[in-house]
Amino acid sequence: MTEAVVVAAEEAEVVGLAHGGAFRLLVDGDTTAGALGANRLTLPAGADGARPHRHERSAELFHVLGGRMEFLLGERSVTVGEGGLVVVPPGLVHAFGAAPGTGADVLVVMAPGVERFGYFRHLGRVSQGLEPPESLLPEQDRYDVHFVEGTRWAELRGRNA
């Protein structure tokens, strides 16, 4: 990458989610020569963003732009409000979603970046019932998203595992 990357808000691809949230795809690892990838995620009140997973190669940064986000970080749960920041190191199992009773708007940055826009598009199709959740399993290495089993997130969110 030798040139600056500029993405105007209206140029960002929007991937809608069934619960009314959306990903705004800002920049991908292939555009930044692997330096980073970024998206903006909006979630309605109490909606899950991601089930428990880990990244082997990338750290993930969450900057809460509005509302409140609930995170599972290993076995620890935290709620982070507007202006707060969470950085998840490679290998740490984590999950996240909008806190109960509030929506959330969060900037998510992964570094180093991998090509993940395809993953977000796939997630959109899964959320809308166009593809089964299991269809993501063969793509775990490609997108550096490795799902893990666990009941802690379901318990935290008040759902059955």
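Our structure is the block above this text.
Since the model is a prediction, treat every value here as computed from it, not as a measurement.

Novice: How do you make sense of the nonpolar core when you look at a structure like this?
Specialist: For soluble globular proteins, nonpolar side chains are generally found buried alongside one another. Counting 30 residues, the largest nonpolar core has Phe23, Phe62, Met69, Phe71 and Tyr119 as the members making the most contacts within it. At the level of elements, strand S2 (22-27), strand S3 (37-43), strand S5 (59-73), strand S7 (85-88), strand S8 (94-98), strand S9 (104-111) and helix H1 (117-127) are the ones that each hand at least two residues to this core. Discounting residues that sit within four places of it in the chain, Phe23 has contacts with Glu13, Val14, Val15, Leu17, Asn39, Arg40, Leu41, Phe120 and Leu123.

Novice: Can you walk me through H1 in this structure?
Specialist: What sets the pattern is the α-helix's 3.6 residues per turn: residues three or four places apart point alike. Burial within H1 is extensive, with 8 of its 11 residues counted as buried. Looking only at H1, the buried set comprises Phe117, Gly118, Tyr119, Phe120, His122, Leu123, Gly124 and Val126. A positive backbone phi angle near 75 degrees is found at Gly129, which sits one or two residues after H1.

Novice: Explanation requested: the pairing of strand S4 (residues 48-54) in the structure shown.
Specialist: Bridging between S4 and S8 involves 3 bridges; their strand directions are antiparallel. Across the sheet, His53 pairs through a bridge with His94, a residue of S8.

Rules and cut-offs
Residues numbered from 1 in each chain as written. Predicted model: local features only at pLDDT ≥ 70, side-chain atom pairs only at ≥ 80, totals over all residues. Heavy atoms only, no water. Core = buried A, V, L, I, M, F, W, Y, C linked by side-chain atoms within 4.5 Å. Buried < 20%, exposed > 50% of the residue type's maximum accessible area, 1.4 Å probe, protein only. Helix = DSSP H or I, 4+ residues; strand = E, 2+ residues; numbered from the N terminus. Contact = heavy atoms within 4.5 Å. Pairing = 2+ DSSP bridges.

Don't take any of this as a statement about function, it's just geometry.
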